[in-house]
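Now for the letters of each chain:
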Amino acid sequence: MRPFSILFFKELRSFFLSPMAYVIMALFTFLNGWLFVSMVRAMQLQASQRSLIHNLFGSGWFWMGFLILFPLITMRLFADERKMGTIEGLLTAPVRTAEVVLAKYAAAVAVYLVLLLPVFAFFPLFRLVTGEAAAFQPGAVWGSLLGLSLIGAFHVSIGTLASSLTANPLIAAMLTFVFVMLHYFLGFLQNFGMVTGSVWSDAMSYFSTTEHMNVLAEGLIDSRPIVYYLTFSVLLLSMTHQVLESRKWRA
Amino acid sequence: MIEARHLTKRYAGRTAVDRISFEVGKGEIVGFLGPNGAGKSTTLRMLTCFLSATEGTATVAGYDIYEDSVEVRRRIGYMPENVPLYPDMRVGEYLRFRARLKGIGHRASRGAVGEAMETCSLTAVERKMISTLSKGYRQRVGLADALVHKPELLILDEPTNGLDPGQIRQSRNLIRELGERHTILISTHILSEVEMTCGRVIIIDRGTIKASDSPRNLIRRLRRPGAVLLEAKAPATAAARLAAIAGVKEVNPSEDRDGWTSFSLTTDPQSDVREAVHELALKEGWKVRELSSRAASLEDAFVDLLKEETPSDPVESKT
């Protein structure tokens, strides 16, 4: 697995040496910091039935910033290599295509986690600064961290596939954004003119990211979303592998 | 080192490489020569396992390019066309990354990179960003990348493309030097390059091999009628006198200023008529400014070879 770690660190390095990484990180952290503060203010004024965590990660503002992360993180993964032609040197080195795909994917997931961590630093910071217990349980923090990691891992795999399909990073970003959005809104179809409890709404609730987050943000570990996001990530990565290998198909 | 058998690449409705077979022996420097779009790059990409062959196969150092592609790639140093590099990396850093990727250990990579930079005279730019390098330096970084893991076989796709004449000469010398340690297969559409560096030339056009021989033999085999140029102060009637010399087939006079005339003589391939021309000029009292014979070059051989095939070729137009 040595090529894996070499490629992994090369990807990380090239991401964190570009100014874009810090712009994204600053904007995302700022948006969520502002959101966190407004949530705390709102809860001071009016009692809420839900926890702070629930309100923060259930907010539309959070998801707007969150979903934009993935095209930005993943658009360059393969599209840039194809555009510059470096993919030829990469794939004619004695490494397996699977190692290349996994290393790039793992690096993008690592970048995503680094971007996410400041948000989770808010909770201990809040306690430290105010000396008060915030309105949430530790289980809820861990549950939502798990949930966001899984959802992120899945979204990064969408971006990885999109990036392997084109030589233009901008098109890769747009593809990723469209599919990440489509998946997000798919979950809302369960309320779409249907009676709750019908087969349709039950089926659609399996796809619902918000539904998954609602459960996990309570600190409940449900195995269904875990299996769901992991299998889809594996599926999309194996499709990426096929896309890269397709140049070697014998007609 | 390389054994290609019936290597074929077909794209939808178009055959880029059509059942070509050739061999490259250990220690040879072989030039792959052909016009743009002849299928050179496609062939090299198949050999380096970047593309797979539609039909046929090849072995590199005894390993099949399809079955044992990782083993094949371990033994090849490949410089793709136009030398793609990561612009945001420093030269030394890039080469170390490539060396490590090609399986050289952390410690050993330092020495290997130092050596490769030494060979390609890159030591001075080790800490420079690749994006700031000139074309000539980039080419050398690509070359250093290709040979950093000391492969048995170097495959260079148009290594001197886009360089200035001085750089072309430098890289030609470098390639010749490398030929002492590696087997080399280079592709090019520049003839003089092949003529000067390669022990053997494979001429490829529209996906098929047209000839495979040493540059010298190719020139001999494809000897076109010789040509002699005479520039003299002579009357117009001189053309007829020149045409009368044995071995001269045709004379084309063209008048210059001040009574000087250039005659270009087409002769039999075997005969050298310069002596006879000189004697004629002495006898007639013509003043001679130039008398030279133009030997056929590989370029002529190449052009002739391609011309031969042009009229009858219905293969491409179908589908």
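Higher on the page you've got the structure.
Residues numbered from 1 in each chain as written. Chains lettered and ligands numbered in written order. Predicted model: local features only at pLDDT ≥ 70, side-chain atom pairs only at ≥ 80, totals over all residues.

### Comments concerning the overall build of chain A
- The secondary structure content of chain A amounts to 12 helices and 0 strands.
- For chain A, the α and β elements follow one another from N to C terminus as α-α-α-α-α-α-α-α-α-α-α-α.
- On the principal axes, the C-alpha backbone points of chain A span a range of 65 × 45 × 30 Å.
- Pairs at least 24 apart in sequence give 78% of the contacts found in chain A among residues at least 6 apart. (Helix = DSSP H or I, 4+ residues; strand = E, 2+ residues; numbered from the N terminus. Contact = placed C-beta atoms within 7 Å.)

### Let's talk about the nonpolar core
- By size, the foremost hydrophobic cluster in this structure holds 123 residues, and its most contacted members are A:A108, B:V60, B:L95, B:A116, B:A144 and B:I155.
- Of the residues forming this core, the biggest block, 11 residues, is contributed by helix α7 (residues 97-130) of chain A.
- In this structure, B:A144 is in contact with B:L95, B:A116, B:M117, B:C120 and B:L122, ignoring residues within four places of it in sequence.
- Grouped together as the second largest cluster of nonpolar side chains are 12 residues, B:L230, B:L242, B:V273 and B:A281 included. (Core = buried A, V, L, I, M, F, W, Y, C linked by C-beta atoms within 7 Å. Buried ≥ 20, exposed ≤ 12 C-beta atoms within 10 Å, placed from the backbone.)

### Some points on unusual backbone geometry
Residue and element names in this part refer to chain B.
- Backbone geometry places C49, a non-glycine residue, at a positive phi of 65 degrees.
- Structurally, C49 can be placed in the loop between α1 (40-47) and β4 (55-60).
- Of note in this structure, N82 is not a glycine but carries a positive phi near 65 degrees.
- Take N82: it is sitting in the loop between β6 (76-79) and α3 (91-101).

### Considering the sheet that holds strand β13 (residues 260-267) of chain B
All names here are of chain B.
- In space, the 4 strands of this open sheet follow the order β12-β13-β11-β14, with antiparallel pairing throughout. The open sheet terminates on both sides in strands that have one partner only, identified here as β12 (248-255) and β14 (287-294). The mean angle between the axes of side-by-side strands here comes to 15 degrees, regardless of whether they run parallel or antiparallel.
- In this sheet, β14 lies alongside strand β11 (residues 227-233) in antiparallel orientation, the contact comprising 7 bridges. Within the sheet, the bridge partner assigned to L229 lies in β14 and is S292.
- Against the sheet, helix α10 (residues 274-284) touches β11 and β14, its axis set at about 170 degrees to β14. (Pairing = 2+ DSSP bridges. Axes fitted to C-alpha atoms, helices over the stretch in contact; angles between N-to-C directions.)

### Description of α3(B)
- Along α3(B), 9 of the 11 residues are buried, which leaves the element largely enclosed by surrounding structure.
- Along α3(B), the positions that sit buried rather than exposed are B:V91, B:Y94, B:L95, B:R96, B:F97, B:R98, B:A99, B:R100 and B:L101.
- Here the buried face of α3(B) lies against α1 (2-16) of chain A together with α4 (106-119) and α5 (135-147) of chain B.

### What about the pairing of strand β1 (residues 2-11) of chain B?
All names here are of chain B.
- Two strands pair when backbone bridges link them, and β1 and β4 are joined in this way by 5 bridges, in the antiparallel orientation. Along β4, the bridge assignment pairs R5 with T57.
- Inspection of the sheet shows β1 paired to strand β2 (residues 14-24) by 7 bridges, in the antiparallel sense. When the bridges of β2 are listed, L7 appears paired with I20.
- Taken together, β1 and the strand that follows it, β2, pair antiparallel across an intervening segment of 2 residues, in which G13 is found at a positive phi of about 75 degrees.

### Focus on the sheet that holds strand β10 (residues 208-213) of chain B
All names here are of chain B.
- Spatial strand order, β6-β7-β8-β3-β9-β10: 6 strands in an open sheet with mixed pairing. The open sheet terminates on both sides in strands that have one partner only, identified here as β6 and β10. Here the strands of the sheet are splayed against their neighbours by 15 degrees on average, with no regard to which way each runs.
- Two strands pair when backbone bridges link them, and strand β9 (residues 200-205) and β10 are joined in this way by 5 bridges, in the antiparallel orientation. Opposite I204, over in β10, you have I209 as the bridge partner.
- Helix-sheet contacts for α5 involve β6 and β7 (153-157), and the interaxial angle to β6 is about 165 degrees.

Worth remembering: the numbers are spatial, not functional.
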